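# Descriptive structure summary
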Amino acid sequence: MNFKKMIASGAAAAMMLASLSISAFAALTTDDLALKADKAEAAAGNEVYISLPMNDSNTGYITGIGAKLSYDEDAFEFVSAKSDFLPTLTMNAANGVLGLAATADSNTIATGNLFYATFKVKNGAEGGAKDFTLTELLLTENNAESETDALANVTTATVTVNI
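Residues numbered from 1 in each chain as written. Predicted model: local features only at pLDDT ≥ 70, side-chain atom pairs only at ≥ 80, totals over all residues. Heavy atoms only, no water.

### Examining the nonpolar core
Core analysis: the biggest nonpolar cluster contains 35 residues, and Leu35, Ile50, Phe76, Leu114, Phe119, Phe132 and Leu137 have the highest contact counts within it. Mapped by element, the contributors of at least two residues to this core are strand S2 (47-55), strand S3 (61-70), strand S4 (76-82), strand S6 (97-103), strand S7 (111-121), strand S8 (129-142) and strand S10 (157-162). By residue number, the principal contributor to this core is S7, which donates five residues. (Core = buried A, V, L, I, M, F, W, Y, C linked by side-chain atoms within 4.5 Å. Buried < 20%, exposed > 50% of the residue type's maximum accessible area, 1.4 Å probe, protein only. Helix = DSSP H or I, 4+ residues; strand = E, 2+ residues; numbered from the N terminus.)

What follows is the structure, encoded as structure tokens:
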């Protein structure tokens, strides 16, 4: 195949994938994926709960989550994380980034927290505004035909807690 045909084929494939992703993601809005903190201010020793709630009633049932949440590791210590949608959540906290992943064959919950993570404010943490930023989020669902669809691919969302 000559170079021009390869470029044309690649462009056509990219356009088809883009149209598929737009239709799959159209059911979600920014409000559906707003990162939340249970409190705006916290002191040393306090726990802060960071969550990503979602109403999945218009999209199907979540069967996979992949996320990265960055935080100030000088101010916060990661304690735990859970998901309302998926029972087994794999987590890894290192260098100020919490990685979360989970998959399941099926799910019957349509509303809840994609994840909620608990952090503890460290003793001696420097005061000020501290951001928790969702730097990656990939969601999958099983559709009516029992096929897996990419549901959302969010690149950033932030919530701030003052110490």
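### Topic: the pattern of salt bridges
All chains considered together, the criterion is met by two salt bridges. Here Glu136 makes a salt bridge to Lys68, at a shortest N to O gap of 3.8 Å. Here the residue Glu136 occupies a position in strand S8, and Lys68 occupies one in strand S3, the gap between them amounting to 68 residues. Glu136 gets classed as partly exposed once you look at its relative accessible area, which sits at 41%. One salt bridge in this structure joins Asp72 and Lys130, with 3.5 Å as the shortest N-O distance. (Salt bridge = Lys/Arg side-chain N within 4 Å of Asp/Glu carboxyl O.)

### Some words on the packing of aromatic side chains
Applying the stated rule across the entire model yields four aromatic pairs. Where Tyr71 meets Phe119, the ring centres are 4.7 Å apart and the plane angle is 55°; that geometry is what we call tilted. With Tyr71 in the loop between S3 and S4 and Phe119 in strand S7, this pair connects stretches of sequence that are 48 residues apart. By the burial criterion, Tyr71 is buried, and Phe119 matches it. Seen in terms of ring centroids, Phe78 and Phe119 are 5.7 Å apart; in terms of plane orientation they differ by 65°. Their pairing is edge-to-face. With Phe78 in strand S4 and Phe119 in strand S7, this pair connects stretches of sequence that are 41 residues apart. No difference in accessibility class separates Phe78 from Phe119, as the two residues are buried. (Phe/Tyr/Trp six-rings, centres within 6.5 Å; stacked < 30°, edge-to-face > 60°.)

### Here we look at the pairing of S7
Working note: regular strand, side chains alternate between the two faces of the sheet. Of all 11 residues in S7, eight are buried; the element is thus mostly enclosed. In terms of strand pairing, S4 meets S7 through six bridges, oriented antiparallel. Looking at the pairing, Phe78 lines up with Phe119 of S7. (Pairing = 2+ DSSP bridges.)

### A short note on unusual backbone geometry
Notably, Asn95 is not glycine yet its phi reads approximately 55°, a positive angle. Here Asn95 shows up in the loop between strand S5 (90-94) and S6.

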